Amino acid sequence: MLKIESNMKIKLRNFSELDIEQIYSWSKNEEFLLIWAGPLYKMDSLKDQLKNDLEYASTHPERLKIFSVIDSDNSDLIGHCQLTIDQSNESAHISRILVGNENFRGKGIGRQIITNLLEITFLKLNLNRVTLNVYDFNVTAIDCYKKAGFKKEGLLRENTKFKGAFWSTIPMAILKSEYQNL
């Protein structure tokens, strides 16, 4: 359906507690953590927050799905992503997208993650809308989401403060009808 830009292929598997140490090791500082995980996760409690999310996902799979991104060839862990589901509004929100290993960044892995999440959302869960948020300076991610069919839906001006600076967020979305026409 969507063109993939990398020779490397990924798959998503359910996130496990065994993945937490690796995710933590990739989160080198508060700024990087804020960019990939948003303002709710904090370095000093990241492991516990991931454990809590995992527990919530296991008891509420209809509301939260957490995935580890795996290299299809060797099953190495290379990333992370989450999908929050709102069945009553037939929508989902993609969050916490991480390509952890720096050697895999810029190779289309993010696009493959998004493609997999859209297939789950639209084809398996049969939902109508998928949203995500991205900081306005994260041009690489914005381009990735646009290529996957997402459209900007505005700008949340200076809604996040980090070390005295304000960051703005762009909400983006794609509808099932738009996905089917890609």
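Let us look at the structure shown here. The shown structure was predicted, so the numbers you read here are calculated from the model rather than taken from an experiment.

1. Topic: the overall build of the protein chain
Here's step 1: A tally of regular secondary structure across the protein chain gives six helices and eight strands.
Here's step 2: In the protein chain, the order of α-helices and β-strands from amino to carboxyl end is β-α-α-α-β-β-β-α-β-α-β-β-β-α.
Here's step 3: Here the protein chain has a C-alpha radius of gyration of 16 Å; the compact-globule value for 182 residues is 16 Å, and the two agree.
Here's step 4: A separation of at least 24 residues holds for 58% of the contacts in the protein chain among residues at least 6 apart in sequence.
Here's step 5: Total accessible area computed for the protein chain in this model is approximately 9,700 Å², and 46% of it derives from carbon and sulfur atoms.
Here's step 6: Of note, the protein chain has its 24 positive side-chain charges centred 4 Å away from the centre of its 23 negative side-chain charges.

2. What about the pairing of strand β7 (residues 156-162)?
Here's step 1: In the sheet, β7 pairs with strand β8 (residues 165-175) via four bridges, with the strands oriented antiparallel. Bridge assignment links Leu156 to a residue of β8, and that residue is Thr169.
Here's step 2: Hairpin remark: β7 followed by β8, antiparallel, with two residues in the connecting loop; positive phi at Lys163, about 50°.

3. Some details on the packing of aromatic side chains
Here's step 1: Considering all chains together, one arrives at seven aromatic pairs under this definition.
Here's step 2: Seen from their ring centres, Phe137 and Trp167 are 4.9 Å apart, and the 80° between their planes marks the pair as edge-to-face. A residue pair is termed long-range when its members are at least 10 positions apart, and Phe137 in the loop between β5 (129-135) and α5 (139-147) and Trp167 in strand β8 qualify at 30 residues.
Here's step 3: Residue Phe137 is classed as partly exposed on the basis of its relative accessible area, which comes to 38%.
Here's step 4: Connected via pairs of aromatic rings, a cluster forms that spans Tyr135, Phe137, Phe162 and Trp167.
Here's step 5: Positioned above the aromatic ring of Tyr24, the side-chain terminus of Lys47 is 4.5 Å from the ring centre.
Here's step 6: The ring centre of Tyr41 lies 4.0 Å from the NZ or CZ of Arg96, which sits over that ring.

4. Description of the pairing of strand β2 (residues 64-71)
Here's step 1: Where burial is concerned, most of β2 is hidden: seven out of the eight residues are buried.
Here's step 2: The sheet contact formed by strand β1 (residues 10-14) and β2 spans five bridges and is antiparallel. Its bridge partner lying in β2, Arg13 is registered against Ser68.
Here's step 3: Inspection of the sheet shows β2 paired to strand β3 (residues 77-86) by seven bridges, in the antiparallel sense. When the sheet's bridge partners are listed, Phe67 is paired in β3 with Cys81.

The rules we used
Residues numbered from 1 in each chain as written. Predicted model: local features only at pLDDT ≥ 70, side-chain atom pairs only at ≥ 80, totals over all residues. Heavy atoms only, no water. Helix = DSSP H or I, 4+ residues; strand = E, 2+ residues; numbered from the N terminus. Rg over C-alpha atoms; globule rule 2.2 N^0.38 Å. Contact = heavy atoms within 4.5 Å. Areas by Shrake-Rupley, 256 points an atom, 1.4 Å probe, with all protein chains shown as cover. Lys, Arg positive; Asp, Glu negative; His and termini not counted. Charge placed at Lys NZ, Arg CZ, Asp CG, Glu CD. Pairing = 2+ DSSP bridges. Phe/Tyr/Trp six-rings, centres within 6.5 Å; stacked < 30°, edge-to-face > 60°. Buried < 20%, exposed > 50% of the residue type's maximum accessible area, 1.4 Å probe, protein only. Lys NZ or Arg CZ within 6 Å of the ring centre and 35° of its normal.

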